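Here is what each chain is made of, one letter per residue.
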Protein chains: 2
Amino acid sequence: MLLNSNYTGKVNYTNNYYIKSIRTKLNFLSAILFTELIMEKQEKDIIIDFEPISRRIIIPKNKSFHEILTKVGIKIRTLCGGLGTCGKCKVLVQEGREFLNTPTKSELEHLSGADISNGWRLACQIKVNNELIPKIVKVDPPQFRVFLPEELILEDFKILTSGEQKDIHLKPAVRKLYLEVKKPSLENPVPDLERIINSVTLKDKNFLNDENLNIDFKLLKNIPDILRDGDHKVSLTFLNGNYDELISCEPGNTVNENYGIAFDIGTTTIVGYLINLNNGKTYSVSSMLNPQTAYGEDVITRITYIKDNENGLKELNSTVINALNTIISKNCDKANIKPTQIYEATIVGNSVMHHIFLGLNPNYIGQSPYVPVIQRELNVKSSIIGLNISPGGNVHVLPVIAGFVGADTMGVIISSSIEKEKELTLAIDIGTNGEIIIGNKDYLITGSCAAGSALEGAHIKDGMRAASGAIDSLRIDPDTFEISYTTIKNKKPIGICGSGLIDLIAEMLRAKIITRSGNFNKNLHDMERIVKKDKSTEFIVVKKEETSLNRDIIISQGDIRQLQMAKAAFYSGMKIILNELKIEKTIKQIFLAGAFGNYIDKDNAKFIGMIPDISSDKIFQIGNAAGSGAQNCLLNLDLRKKTRELLKKVKYVEIATKKEFQREFAEAMYFPHMNLELFPSLKEYENIPKR
Amino acid sequence: MLLNSNYTGKVNYTNNYYIKSIRTKLNFLSAILFTELIMEKQEKDIIIDFEPISRRIIIPKNKSFHEILTKVGIKIRTLCGGLGTCGKCKVLVQEGREFLNTPTKSELEHLSGADISNGWRLACQIKVNNELIPKIVKVDPPQFRVFLPEELILEDFKILTSGEQKDIHLKPAVRKLYLEVKKPSLENPVPDLERIINSVTLKDKNFLNDENLNIDFKLLKNIPDILRDGDHKVSLTFLNGNYDELISCEPGNTVNENYGIAFDIGTTTIVGYLINLNNGKTYSVSSMLNPQTAYGEDVITRITYIKDNENGLKELNSTVINALNTIISKNCDKANIKPTQIYEATIVGNSVMHHIFLGLNPNYIGQSPYVPVIQRELNVKSSIIGLNISPGGNVHVLPVIAGFVGADTMGVIISSSIEKEKELTLAIDIGTNGEIIIGNKDYLITGSCAAGSALEGAHIKDGMRAASGAIDSLRIDPDTFEISYTTIKNKKPIGICGSGLIDLIAEMLRAKIITRSGNFNKNLHDMERIVKKDKSTEFIVVKKEETSLNRDIIISQGDIRQLQMAKAAFYSGMKIILNELKIEKTIKQIFLAGAFGNYIDKDNAKFIGMIPDISSDKIFQIGNAAGSGAQNCLLNLDLRKKTRELLKKVKYVEIATKKEFQREFAEAMYFPHMNLELFPSLKEYENIPKR
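Keep in mind the model is a prediction, meaning the values are calculated, not measured.

**Student:** I tried to follow the relation of the copies chain A and chain B on my own but got confused; where do I start?
**Tutor:** It takes a turn of 180° to lay chain A on chain B, together with a shift of 0.0 Å along the axis; the resulting RMSD is 0.1 Å. Viewed as a symmetry operation, the transformation between the two copies matches a two-fold axis. When each C-alpha of chain A is compared by its distance to the rotation axis, A:Tyr243 comes out closest, at 4.9 Å. Most of the interface of chain A is mirrored in chain B, where 100% of its interface residues are also at the interface.

In structure tokens form, the structure reads like this:
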């Protein structure tokens, strides 16, 4: 998204030096590389982007949105089936309100005045007013952008929740202890708390550091009654670490009910892992799309929203806290446990998600020199944060590394143990934001690359997230140009997700449909699947008859540019970080982290030049490594200490400000790279035309 | 007050085993010693107790309360002078509502319905309805008890604020530091907090323990703006001790503005000392009557109120917090400083005041075996407590020792250093509750004595607090029975305060007006000043003509019993604690703490047998030692550590449950004691009749 910000008119980046500098560079690059305009004219149709599912649809005018959604296979929750009587299909129109009919009687009934003025409508009631639509239709920004609330979406999205769990020694911060406390007497009138502590010390002399023990203040108020309700038989919960504290006291023996929850707060998705802290087992995993998407699909638009709206930070903060509470409650329902028996939560997320979660203003992350408010880890009471776990519970937030390399990257480092590797290792975490880590036992350098969310299907005409009906793998017969593909859940295709897009680009290269510079091969311009539309060219991936849509699934020249830029961002970012390492410069091993990294074809990712040319058996897909980092820190206190040590070791490189960035990026726009010598194993490129 | 609970019908002690056991004992004692009934019949007058000033007045019927107050010299704040137009003279009628006129038109105008149903009236509007008053009038409880809110009372009450300040080495928990923080750059994009901490370490390597440093979470949210508002020049405030924390960051250099406040929360009075933590100097002292008196004048009635009212604890807690905030604001006005530049508050108070201040339920202190919720010291954020100081400020609450020996006693121990004395020392803190400490370098034993508030003038017909017009010292010519006296502020007398009462008893003994058993000397029953009223006898202390009242100031047989019981409680309590010390049994030195202890005539206190017979030059009046303890702990962190060590050393004796209590108490009811050998220096007693 960063990379195509030059096309969006919505977000005001005026004070955003970082973005400005990238924009200047990209304008320059596009002048060199881009041969087509990304403007399209489609007088009969209009374009709607649906968020947070990143689904673009092109539709004939004069249909209600509800009909449209149903037709294209996005199921939403309504009771009345689109009659306007249930009021359930509330959607937020973010772009294009001016082209819509005025709110109907049914909407005036079901929506408040504030709702309507904020852009909320009922999907079944809104229609496009043809007269108002301008003749020239822009693709980006689209005329319409519509946000669908989480609860409206019936479809399950594929959110990567699993990560590679190394064998973690169980040493959680939370410890429970069952006690029969001595009752007070006139001979021994010891105060309640002191009797409790004395009983702990009697049971286990080394259990706690009495001298520095804190007591949760709200708990203290309830202790007298809990003690007597439980006939002086109670289960205590202690936090250890640098923050020894008695955080809970429950009547009876509840030591088996000892849970923690690890959260990975992504820009687009949030995952929560409910773990039993007595045995380290994961009892339930729940996830949802990050509802902050309603405020902007990437971190920069969210920072801008916060800057432009007095209560913006508060709004975004409540939104994410509510989402986490929804996940907590889902997990507790699944595992049949009480939220108050979750005593600790660990949190990873990129720096902006980290700041918004904590209610810290991310403003200065968004402008040069891009500094966060805080780097170090934080421990905050759940009641202060507003998380619905035990009221005395601890929220441990992993440290961030820099403005655009957050606690999620620290999670990847912790769970991958990259800092212990002998060989120089590249780890890339591919999500809505892309982070690069290069390191081994001697070095640890990180950087952020403005890869954008093209690889997640955003801003690609028929791109979509990994949901049912998405093409997730694909082959092209180089002789017949016949295309075979698979879709998620074997549904009729409705779009292409990230792994499908990588396959598509790689196969189009192998079949010489596109050249190394990303242009359609002029020699093949007369083939059936290549269609010229005004000034753009499109390649038909799936014909209308095979889809759930009543049109072809295509990839346009503009789409290819988006993917080129994304892959170039990773490769050039890696090159620039490597330049910082003065001694050794060869990547020997690659870790692919994140949802996307997990599902792609490693060989094709290498083939398009997204990652360096090393043997595929040295490329490891490590899953949601950021989330694993949060889980590991939940399970083992020593790893939190390790994050502190890692902070001292890790270096951060501001990639986009390096003088060689423009050249590196431009060279990496080629497939696999302008310099073929960097990819010696890819012999097929000898036959693929450069331009 | 505890001791005359057998006369009060109001408080329901049914579940209060402690009080019950004392009551049984006192009923037994009164059967032995009391020869008169404390019932009086005064058909023409009614009795009103005014709280919190403990002023009893006996008035003719059919006067408005406002007239009555003015007449007896209690000035209250009104604008209209009693016409009923300003609505300022709001008072709370606690007892006797049923004997009053119904609310007038003026009251219905100025008071809310809730006010009226809670018993609030306008002093200028209420009159007694003669028809409703029963013929037999009880003295205790009086027909009327009226609470005067703090703001209504114009008169300055004498609240002891000064204590003996030993030379305290300045080592406060709060430290401020002025810093010019390095600005961030693209080359060095260090997060805000880390730049601050790095600058501290650069300035003074040993200033803080970075590894364990906490950051006030609300402060963290404001740091980015404060840093930039102050052009990266800021003053930081750190808390040290076991709770290293950055609690404040202010733009510019404000290191000279570094304040703390020490509070002594008494049952009846609250004092706050504002201290500059850079130089240890007291900048302002403010005090007020504890507004909790509206809910009951002693700790037991307040516990009962909390037990009987669902929101009782919350109400009493807010009341004391509001009072402390009033004192903070008074002090800040006087010293011309900002409340946000007070970074720490230290608190002492008896166990019940301690619990209510913290919002902890004191219920179990009030019933056998009388255990508090917590003994140890507490550190709580000011924002959690609700104190209007720096939002990140620390509230340090000194530890309590036992149910009836609170943090105030710990304050006395800390400020008097009794635990360092070579000679066995008795310290008594005389307030609404009485505490006894006996100790030296080898022993430290404490106990609480149910001394009641008679010594503060409560429940004595013409007793009053030390306010202007109170007789504070007195002599009787043994030959002529002429009485000479002094009053506070040299006003015409309106009552007798504690020090005056002690003098009066001692002088009545010396003049043989009363006997060693506390009865009026039958041989003098025909003297002019002795008046028989129904079944009671009174001694006229000041004749009507000399007073501001239109009646005599007297002391009744019942009043003498109250004072006898109070002094006996101290002496017998001390004897019982001494019995616990198996080796050494002779008090060599006495510390008199508390308001009362400071103003009394030491020789007369000894003469009536309240304290043991030792040389007066070994009796020291140490002032508000509890308050000094709070100040000392504010000024020096090591003393907080010392309170922890003292907790391990100090023993607590439950005086009233000891089997010898009844005998010791009965013997100590005599002046100076049943056993004259205990007071060998008081030769005058050879001539004073025993009965």
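Picking up after the structure, the text goes on.
**Student:** What's the story with helix 5 (residues 192-203) of chain A in this structure? I'm lost.
**Tutor:** Since the α-helix packs 3.6 residues into each turn, any two residues three or four apart lie on the same face. Residues and elements named next belong to chain A. For helix 5, built from twelve residues, the straight-helix expectation of 16 Å at 1.5 Å per residue is met to within 8% by its first-to-last C-alpha distance of 17 Å. Where helix 5 is concerned, the buried positions are Asp192, Leu193, Glu194, Arg195, Ile196, Ile197, Ser199 and Val200. Residues of helix 5 that are buried sit in contact with strand 6 (174-180), strand 7 (214-215), helix 6 (217-229), strand 8 (233-239) and strand 9 (245-251).

**Student:** Explanation requested: the side chain of A:Asp192 in the structure shown.
**Tutor:** Within the secondary structure, A:Asp192 sits in helix 5. In contact with A:Asp192, not counting residues within four places along its chain, are A:Ile223, A:Pro224, A:Leu227, A:Arg228, B:Val371, B:Pro372 and B:Val373.

**Student:** Sorry if this is basic, but what is going on with the interface of chain A and chain B here?
**Tutor:** Accessible area lost on assembly of the parts is the figure often given for the size of an interface. Facing the 43 residues of chain A at the interface are 43 residues of chain B. The contact between chain A and chain B buries some 3,800 Å² in all, and 64% of this surface belongs to carbon and sulfur atoms. Contact with chain B buries surface across chain A, with A:Leu186, A:Phe217 and A:Arg376 losing the most and accounting together for 17% of the total. The interface formed by chain A and chain B contains two salt bridges. Between A:Arg376 and B:Glu194 there is a salt bridge, and its shortest N-O distance comes to 2.9 Å. Across the contact surface, chain A and chain B share twelve residue pairs in polar contact (both at pLDDT 80 or more). Elements that contribute at least two residues to the side of chain A that touches chain B include exactly helix 5, helix 6, strand 14 (378-381) and helix 10 (382-385) of chain A. A per-element tally of the side of chain A that touches chain B places helix 6 of chain A first, with six residues.

**Student:** Quick question: what am I supposed to make of the sheet that holds strand 14 of chain A here?
**Tutor:** Paired through backbone hydrogen bonds, the strands of a sheet run either parallel or antiparallel to each other. Residues and elements named next belong to chain A. Spatially, six strands are ordered 12-11-10-13-15-14 in an open sheet, and the strand pairing comes out mixed. Across the chains shown, the open sheet's two edge strands, defined by having one partner strand only, are strand 12 (282-289) and strand 14. Ignoring strand direction, the axes of neighbouring strands in this sheet form an average angle of 20°. With four bridges connecting them, strand 14 and strand 15 (residues 394-397) associate as antiparallel partners. When the bridges of strand 15 are listed, Lys381 appears paired with Asn394.

**Student:** What exactly am I supposed to notice about the environment of A:Val299 here?
**Tutor:** Residues and elements named next belong to chain A. Turning to its location among the elements, Val299 is positioned in helix 7 (residues 299-308). When its relative accessible area of 4% is taken as the criterion, Val299 is described as buried. As for Val299 and Asn433, which are separated by 134 residues in sequence, their C-alpha atoms are 8.4 Å apart. Apart from residues lying up to four places away in sequence, Val299 is in contact with Thr267, Asn350, Val352, Met353, Phe404 and Asn433.

**Student:** Looking at this structure, I do not really get the packing of aromatic side chains. What am I missing?
**Tutor:** Aromatic ring pairs are defined here through the distance separating the ring centres and the angle between the ring planes. Enumeration over the complete set of coordinates arrives at 16 aromatic pairs over all chains. Look at A:Tyr295 and A:Tyr305: their rings are 4.8 Å apart centre to centre, the planes differ by 65°, and that puts the pair in the edge-to-face class. Note that A:Tyr295 is positioned in the loop between strand 12 and helix 7 and A:Tyr305 in helix 7, a separation of ten residues in sequence. Taking NZ or CZ as reference, A:Arg510 lies 4.1 Å from the ring centre of A:Phe607, over its face. Note that B:Lys90 overlies the ring of B:Trp120, its terminal NZ or CZ placed 5.3 Å from the centroid.

**Student:** Before we go on, may I ask you to explain the confidence of the model for chain A in this structure?
**Tutor:** As a general rule, the predicted coordinates of low-pLDDT regions are not to be interpreted in detail. All names here are of chain A. Of the residues in chain A, 85% have a pLDDT of 70 or more, and the chain-wide mean is 84. This stretch, residues 154-159, has a pLDDT under 50; its non-local contacts, to residues over four places away or in other chains, come to 23 contacts. The complex prediction reports pTM at 0.80, with the ipTM value standing at 0.79.

**Student:** It is not clear to me how the environment of A:Ile488 should be interpreted in this structure. Could you clarify?
**Tutor:** Considering the arrangement of structural elements, one finds A:Ile488 in the loop between strand 20 (483-487) and strand 21 (495-496). For the pair A:Ile488 and A:Ile471, spaced 17 residues apart in sequence, the C-alpha to C-alpha distance is 6.6 Å.

**Student:** How should the nonpolar core be read in this particular structure?
**Tutor:** Note that soluble globular proteins tend to have their nonpolar side chains buried in a common cluster. Counting 105 residues, the largest nonpolar core has A:Phe263, A:Phe357 and A:Leu387 as the members making the most contacts within it. Sequence-distant contacts of A:Leu387, defined by excluding residues within four places in its chain, comprise A:Phe263, A:Ile321, A:Leu324, A:Asn325, A:Ile328, A:Ala345, A:Phe357, A:Ser382 and A:Val395.

**Student:** Would you explain helix 7 of chain A in this entry?
**Tutor:** Residue and element names in this part refer to chain A. Most of helix 7 sits out of view: seven of its ten residues are buried. What helix 7 keeps buried is the set Val299, Ile300, Thr301, Arg302, Ile303, Thr304 and Ile306. The N-cap of helix 7, judged by a side-chain oxygen 3.1 Å from the amide nitrogen of Ile300 a few residues on, is Asp298.

**Student:** Before we go on, may I ask you to explain the pattern of salt bridges in this structure?
**Tutor:** Residues and elements named next belong to chain A. Following the criterion strictly, the structure yields 56 salt bridges over all chains and no others. Between Lys441 and Asp442 there is a salt bridge, with its nearest N and O atoms 3.3 Å apart. A relative accessible area of 44% places Lys441 in the partly exposed class. A salt bridge links Asp462 to Arg551; its shortest N-O distance comes to 2.9 Å. Of this pair, Asp462 sits in the loop between strand 18 (444-449) and strand 19 (470-476) while Arg551 is found in the loop between strand 23 (536-542) and strand 24 (553-556), placing the two residues 89 residues apart along the sequence. Shared partners join several salt bridges into a network, and the residues in it are Lys575, Arg663, Glu664 and Glu667.

**Student:** I keep staring at a negative patch on the surface and nothing clicks. Help me out?
**Tutor:** Residues A:Asp477, A:Asp479, A:Glu482, A:Glu545 and A:Glu546 make up a contiguous surface patch of negative charge. For A:Glu482, the position within the fold is in the loop between strand 19 and strand 20.

Parameters and conventions
Residues numbered from 1 in each chain as written. Chains lettered and ligands numbered in written order. Predicted model: local features only at pLDDT ≥ 70, side-chain atom pairs only at ≥ 80, totals over all residues. Heavy atoms only, no water. Least-squares fit on C-alpha atoms with pLDDT ≥ 70 in both. Contact = heavy atoms within 4.5 Å. Helix = DSSP H or I, 4+ residues; strand = E, 2+ residues; numbered from the N terminus. Expected span 1.5 Å × (residues − 1). Buried < 20%, exposed > 50% of the residue type's maximum accessible area, 1.4 Å probe, protein only. Buried area = accessible area lost by both parts, 1.4 Å probe. Salt bridge = Lys/Arg side-chain N within 4 Å of Asp/Glu carboxyl O. Polar contact = N/O pair within 3.5 Å; in protein donor to acceptor, adjacent residues only side chain to side chain. Pairing = 2+ DSSP bridges. Axes fitted to C-alpha atoms, helices over the stretch in contact; angles between N-to-C directions. Phe/Tyr/Trp six-rings, centres within 6.5 Å; stacked < 30°, edge-to-face > 60°. Lys NZ or Arg CZ within 6 Å of the ring centre and 35° of its normal. pLDDT = per-residue confidence, 0-100. Core = buried A, V, L, I, M, F, W, Y, C linked by side-chain atoms within 4.5 Å. Patch = residues over 30% accessible without salt bridge, like charges linked within 9 Å, V, L, I, M, F, W, Y side chains within 5 Å. Areas by Shrake-Rupley, 256 points an atom, 1.4 Å probe, with all protein chains shown as cover. Lys, Arg positive; Asp, Glu negative; His and termini not counted. Charge placed at Lys NZ, Arg CZ, Asp CG, Glu CD.

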